[in-house]
Amino acid sequence: MTVGLVIARRAIFLVLALVIAVFLTAFIIGATGYVDKVARAIVNEEVRAYRQALSKMPNVSQSYIEERVREYQQMLIETYGLDKPWYYKVLPLVYATLVFKFGDVQQVGVADVAGMQLPVKASDVILACLPRTIVMITVAELIAILIALVIAPYVAFRIGSLADRFTIIYAALTNAIPVWWLALIMIFIFSYRLGVAPQQFRGVIRALSDMSVALLSGDVKGFIIGFANVLNYSWLPIITIVIVLLGPWIYNMRAMLLRVSREDFVTAAVARGLPQRVVLRRYILRPALPPVITSVLLGLAGTLGGYIITESVFNWPGMGTLYYEAITSGDPATIIGLTYVLTLVYVVARLILEILYVALDPRVRL
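1. Some words on the packing of aromatic side chains
One pass over the structure, following the stated rule, counts eleven aromatic pairs. Ring centres 5.8 Å apart and planes at 85° place the aromatic pair Phe190 and Trp235 in the edge-to-face group. Here the residue Phe190 occupies a position in helix α8 (residues 179-193), and Trp235 occupies one in helix α10 (residues 220-261), the gap between them amounting to 45 residues. Three or more aromatic residues joined by ring pairs make a cluster, and in this case those are Phe27, Trp86, Tyr87 and Tyr88.

In structure tokens, the structure reads:
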């Protein structure tokens, strides 16, 4: 089988997985009545507030109030699509989303996470929140990976040393600590006790916007000021996430390298008296590269979904916060759009890995 045919077959399977994931999401939020239930709660609350406002008006009869309330309620029912079956509302959204024509955001809270106001498209709120998650979580994960790539080979070649024991203890400790718990401690110390970090992190919306405008307009001074503002808001979340993620990353990479270092060809290389650096580079790092690349690519792709609890602790308006707000408020366009975008990122990452595997290892083509 040719390389192109193998890659094309893998790509077709991944695209099918993407379509199935979006349809399953739509089926879950539609057929279970979840979206309708949330919409009815919103309609009831808005009708109650409307009735209360009418009741406070002077010289208004009860019959007039009831008639206006019925009209307002019917208008809301039609607006939220409660007079139609779920598949009339959700399935068109699926088809439109698959061709990148995202639906309209219905809930004010969802638009507020992005720092926008209704009417707004789901694609706009996703594009607004995605850079914030990249700045906070993807950058932190990337820093942890780069540090782990330096430390893991060092400790993997010195099993039982003080550095290796310290790494194991550190990994065990950070594996047991939730990121959100450490985030609470860090905010308490650096924001409220020492006063060197912001107490509110939503200012990153304005900081990122200013930096983007300066970058597009070629304003170097404005870009530097904007970058400094973004760094002011993001350094504490980044350090917090790096502290927690670094231990697992070092430990996992150490385990991958150890498996290779115990192979016979590595033992033979050491017995031949080759320098330690040569053994590490040629006989350990190179064979361990495919699993390491897999972990790195899938790990970075996974960060784009955001950390719901950690973002909530920092009041960070990223993808995790957006997902949480979309689910709790029952916004189908945003839920389906987020599922589509995040699954698409995962599919692209998997496709890149499949191409690398097929290109590097002929056995994978079988």
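2. What to know about a nonpolar patch on the surface
Among the surface-exposed residues, Trp180, Trp181, Leu184, Ile185, Phe188, Ile189, Tyr192, Leu194, Val196, Ile308, Ile309 and Tyr324 lie close enough to one another that they form a single nonpolar patch of about 1,100 Å² accessible area. Ranked by residues supplied to the nonpolar patch, first place goes to α8 with seven residues. The topology assignment puts Trp181 in helix α8.

3. Remarks on the packing of helix α2 (residues 34-55) against helix α3 (residues 62-79)
Remark: α2 packs on α3, axes separated minimally by 10 Å, with the N-to-C direction vectors making an angle of 155°. The orientation of α2 with respect to α3, classified from their angle, is roughly antiparallel. At the point where α2 passes α3, the crossing takes the right-handed sense. Of α3, the residues touching α2 (which contributes Val43, Glu46, Val47, Tyr50, Arg51, Leu54 and Ser55) are Ile65, Glu66, Arg68, Val69, Tyr72, Gln73 and Leu76. For the contact of α2 with α3, the residue count by class is eight nonpolar, two polar and four charged.

The rules we used
- Residues numbered from 1 in each chain as written.
- Predicted model: local features only at pLDDT ≥ 70, side-chain atom pairs only at ≥ 80, totals over all residues.
- Heavy atoms only, no water.
- Phe/Tyr/Trp six-rings, centres within 6.5 Å; stacked < 30°, edge-to-face > 60°.
- Helix = DSSP H or I, 4+ residues; strand = E, 2+ residues; numbered from the N terminus.
- Patch = residues over 30% accessible without salt bridge, like charges linked within 9 Å, V, L, I, M, F, W, Y side chains within 5 Å.
- Areas by Shrake-Rupley, 256 points an atom, 1.4 Å probe, with all protein chains shown as cover.
- Salt bridge = Lys/Arg side-chain N within 4 Å of Asp/Glu carboxyl O.
- Axes fitted to C-alpha atoms, helices over the stretch in contact; angles between N-to-C directions.
- Parallel < 35°, antiparallel > 145°, perpendicular 65-115°, else oblique.
- Left-handed = near helix turned anticlockwise from the far one by under 90°.
- Contact = heavy atoms within 4.5 Å.
- Nonpolar A, V, L, I, M, F, W, Y, C, P; charged D, E, K, R; others polar.

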